[in-house]
Amino acid sequence: MVEVSILCDKVRFEEKSLYEKAQNKGIKSEIVDAKTISVGTYSKKKDFHLGDVILQRCVSYYRGLYVTACLEFLGFKVINRFDVGQICGNKLITSIKLEQNKIPTPKTQFAFSAESGLESIKKTGFPQVLKPIVGSWGRGIYPLRDLETASMIIEMREEDDSPLSRIYYIQEMVDRPTRDIRCIVIGDQAITAIYRHSSESEWRTNVARGGIVELAHITKEMEDLALKAAKAVGGGILGVDMMEDKNRGLVVHEVNNTVEFRGAASVSKVDIPGEIINYGIKVARR
Amino acid sequence: MKSKVECQECGAEISVPEDAVVGEIITCPDCGGEYEITSKIDNNLELKPAERVGEDWGQ
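Residues numbered from 1 in each chain as written. Chains lettered and ligands numbered in written order. Predicted model: local features only at pLDDT ≥ 70, side-chain atom pairs only at ≥ 80, totals over all residues. Heavy atoms only, no water.

1. Observations concerning the sheet that holds strand 12 (residues 237-245) of chain A
Residues and elements named next belong to chain A.
Item 1. Strand order in the open sheet made by the five strands is 11-10-9-12-13, with antiparallel pairing throughout. Each edge of the open sheet is held by one strand with a lone partner, namely strand 11 (212-216) and strand 13 (249-256). Recorded for the sheet is a direction-independent mean angle of 30 degrees between the axes of neighbouring strands.
Item 2. Relative to strand 12, strand 9 (residues 179-186) is paired through six bridges, and the arrangement is antiparallel. In the strand pairing of strand 12, V185 is matched with L238.
Item 3. In the packing of helix 9 (residues 272-285) onto the sheet, the strands contacted are strand 9, strand 10 (189-197) and strand 12, and the crossing angle to strand 9 comes to about 35 degrees. (Pairing = 2+ DSSP bridges. Helix = DSSP H or I, 4+ residues; strand = E, 2+ residues; numbered from the N terminus. Axes fitted to C-alpha atoms, helices over the stretch in contact; angles between N-to-C directions. Contact = heavy atoms within 4.5 Å.)

2. Details of the packing of aromatic side chains
The relative placement of two aromatic rings is captured by the distance of their centres and the angle of their planes.
All names here are of chain A.
Item 1. Counting across every chain of the model gives five aromatic pairs over all chains.
Item 2. Taking 6.2 Å as the distance between ring centres and 70 degrees as the angle between the ring planes, the aromatic pair formed by F13 and F261 counts as edge-to-face. Of this pair, F13 sits in helix 1 (residues 13-24) while F261 sits in the loop between strand 13 and helix 8 (262-267), and the two are 248 residues apart along the sequence.
Item 3. Owing to a relative accessible area of 0%, F261 belongs among the buried residues under this scheme.
Item 4. For the ring pair Y61 and Y62, a centre distance of 4.9 Å and an interplane angle of 55 degrees mean the geometry is tilted. (Phe/Tyr/Trp six-rings, centres within 6.5 Å; stacked < 30°, edge-to-face > 60°. Buried < 20%, exposed > 50% of the residue type's maximum accessible area, 1.4 Å probe, protein only.)

3. Focus on the state of the cysteines
All names here are of chain A.
Item 1. Enumeration according to the criterion identifies zero disulfides over all chains in this entry.
Item 2. Cysteine C8 remains unbridged, with the sulfur of C58 as its closest cysteine sulfur at 6.8 Å.
Item 3. Looking at C88, it has no disulfide partner, and the nearest cysteine sulfur is the one in C183, 14 Å off. (Disulfide = S-S within 2.5 Å.)

4. Some points on the domain arrangement of chain A
Residue and element names in this part refer to chain A.
Item 1. Here chain A is partitioned into domain 1 (3-80), domain 2 (108-172) and domain 3 (175-257).
Item 2. Computed from C-alpha atoms alone, the centre-to-centre distance between domain 1 and domain 3 is 26 Å.
Item 3. A buried area of about 320 Å², summed over both sides, lies between domain 1 and domain 3, and 40% of it is on carbon and sulfur atoms.
Item 4. Here domain 1 is connected to domain 3 by zero salt bridges.
Item 5. On inspection of domain 1 and its partner domain 3, the count reaches two residue pairs in polar contact (both at pLDDT 80 or more). (Domains from an automatic or database assignment. Buried area = accessible area lost by both parts, 1.4 Å probe. Salt bridge = Lys/Arg side-chain N within 4 Å of Asp/Glu carboxyl O. Polar contact = N/O pair within 3.5 Å; in protein donor to acceptor, adjacent residues only side chain to side chain.)

5. Quick word on helix 9 of chain A
Residues and elements named next belong to chain A.
Item 1. Taking 1.5 Å per residue, 14 residues should reach 20 Å; helix 9 reaches 20 Å between its end C-alpha atoms and fits that length.
Item 2. For helix 9, a buried count of ten out of 14 residues is recorded, marking the element as mostly surrounded by other parts of the structure.
Item 3. Buried within helix 9 are the following residues: I272, P273, G274, I276, I277, Y279, G280, I281, V283 and A284.
Item 4. The distance from a side-chain oxygen at the start of helix 9 to the backbone nitrogen of G274 is 3.0 Å, and the residue carrying that oxygen is D271. (Expected span 1.5 Å × (residues − 1).)

6. As for helix 4 (residues 91-100) of chain A
Residues and elements named next belong to chain A.
Item 1. Along helix 4, the residues classified as buried are K91, L92, T94, S95 and L98. Looking straight down helix 4, one finds its buried side chains confined to an arc of 160 degrees; they lie on one side.
Item 2. On its buried side, helix 4 packs onto helix 3 (82-88), strand 5 (108-111), strand 6 (128-131), strand 8 (168-172), helix 7 (220-232) and strand 13.
Item 3. Where helix 4 begins, the side chain of N90 points an oxygen toward the backbone nitrogen of L92, at a separation of 2.9 Å. (Arc of directions from axis to C-beta.)

7. A few points about the interface of chain B and chain A
Item 1. Listed by partner, the interface residues are 17 residues for chain B and 23 residues for chain A.
Item 2. A buried area of about 1700 Å², summed over both sides, lies between chain B and chain A, and 45% of it is on carbon and sulfur atoms.
Item 3. Area buried by chain B at its contact with chain A is led by D56, W57 and Q59 of chain B, which between them contribute 47% of it.
Item 4. Here chain B is connected to chain A by four salt bridges.
Item 5. A salt bridge links E51 of chain B to R63 of chain A; its shortest N-O distance comes to 2.8 Å.
Item 6. Applying the counting criterion to the chain B and chain A interface returns nine residue pairs in polar contact (both at pLDDT 80 or more).
Item 7. Class assignment for the residues of the side of chain B that touches chain A results in six nonpolar, four polar and seven charged. (Nonpolar A, V, L, I, M, F, W, Y, C, P; charged D, E, K, R; others polar.)

This is the structure:
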């Protein structure tokens, strides 16, 4: 009988619902705290009491990424794989992958000093968006509407301690409605999609920023794009974020590795945790 | 039955839902202090202050 481990560092709605769903299906499962795991180069798989498949659900990106590397090293099957996490957790690498795979994505420039960052912004004009290459929930994302603001934000980034702050990811501000789309892909299926409307006095649409969720019908274009984007990053259980560009149609701007689905579950008729557990079992049996 | 625990910050009483599990975060209704449930045996709970939101948190 297949056993599923839900690996996390914080038990949220998502992890609880995965656990409950596995229990309801009669699947042996357990919630494992990633903070309690330590692995050595000499460690063996048999030293760890983990399932046949591990659903990696850490809220901390780096913790999730590196614990995945260690568990894969020991021979465990982890969803998503380390290489997928590495791509999705980094906006710069994701943009490159999307472009390489001919997936429509917002025009983005990468610069490696404050001077070249500002130069790129000046050359392209306004408005644009400055994003951190690693970061979530819309944190550190700034709209750049004029040169003065851009200079100040870049100066602020230069003062930050993190070396990643000196990598400038500058994206066109897509002309879109006040919403974006999150399409959840599991394996080779786009199972559900939602619109995320930005809340009042907020231009970002993240649910973590108070974004309001509405069920979206999965169109053929949306499905094709979501599946292509998921494949481009290596596949698994993913949240593909898209914007509706008024001129170009859908553009993919992000693919999420540990997809949060509380918002989607509140409006979707699809049993999201159930689908995730089914996929985990399928992977375990491969 | 809900368990009651005392907030380590302000002493207020925090009600913990019956279906709360180890690893879950509970919040003090008075001061907003956040705690992680580290052990749960019957209705006996052990808590520790929850990790602060990290720069790399999120999906």
